[in-house]
Amino acid sequence: VLAGMTVGQFMDQSNESTVICPQDSVSAVVHKLSATRYSSLPVVDDRSNLLGVVTIEEVHQASHAENSRFFLLAADLMRDDVIPLRANDSLDRARE
């Protein structure tokens, strides 16, 4: 049923995308995540290049570490081993 479909057919096409900057505090990341329906958000540089993603799991772990919310930044929490998908990528590629 999903053969031949693309990632773009399942993407939110609104222009309102929430992103995180590497220097965002844990509190800012929590605020941005709680304002969306997503469980992860992209971390981008000042040119909107993807640097990584921060998931709600990483934020949850960091928030339970004593005093971590005072010194950790999004750059400390993000995973940088992600492979970005494009709208025209197949769903088979997305599953890889």
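The following refers to the structure shown. In this text the structure is predicted, and so the values were computed from the model without any measurement.

Observations regarding the pattern of salt bridges
Then, number 1: Taken as a whole, this structure holds 3 salt bridges when the rule is applied.
Then, number 2: Lys 32 is the salt-bridge partner of Asp 24, the closest N and O atoms lying 2.8 Å from each other.
Then, number 3: Measuring nitrogen to oxygen at the nearest pair gives 3.4 Å for the salt bridge that ties Arg 93 to Asp 89.
Then, number 4: Using a relative accessible area of 34% as the deciding quantity, one classes Arg 93 as partly exposed.

Concerning helix H2 (residues 56-64)
Then, number 1: Buried residues of H2: Glu 58, Val 59 and Ala 62, and no others. What you see down the axis of H2 is that its buried residues fit within an arc of 100°, all on one side. In H2, those exposed residues whose orientation departs by more than 90 degrees from the buried face are Gln 61 and His 64.
Then, number 2: On its buried face, H2 is in contact with helix H1 (26-34), strand S2 (50-55) and helix H3 (74-77).

Focus on the side chain of Glu 58
Then, number 1: When you line up the elements, Glu 58 lands in helix H2.
Then, number 2: Despite its burial, Glu 58 remains without a salt bridge, the nearest opposite charge being carried by Arg 79 at 4.4 Å.
Then, number 3: Beyond its immediate sequence surroundings of up to four residues, Glu 58 is in contact with Val 53, Leu 77 and Arg 79.

About the cut-offs
- For every chain, the first residue of the written sequence is number 1, and numbering continues from 1 onward in sequence order.
- For a predicted model such as this one, the threshold for reporting local features is a pLDDT of at least 70, and the threshold for listing and counting side-chain atom pairs is 80 or more; totals across whole chains, interfaces and linings nevertheless cover every residue.
- Excluding hydrogens and water, the side-chain figures rest on all heavy atoms present in the structure.
- Whenever Lys or Arg places a side-chain nitrogen within 4 Å of a carboxyl oxygen from Asp or Glu, that contact is recorded as a salt bridge.
- Accessible area is worked out with a 1.4 Å probe on protein chains only. A residue is then buried under 20% of its type maximum, exposed over 50%, and partly exposed in between.
- Starting at the N terminus, helices and strands are each numbered in turn, a helix being any DSSP run of H or I of at least four residues and a strand any DSSP run of E of at least two.
- An arc is given here, and it is the one of the directions from the helix axis to the C-beta atoms.
- Contacts are assigned to residue pairs that have any heavy atoms within 4.5 Å of one another.
- The sign given to each residue is positive for Lys and Arg and negative for Asp and Glu; His and the chain ends receive no count.

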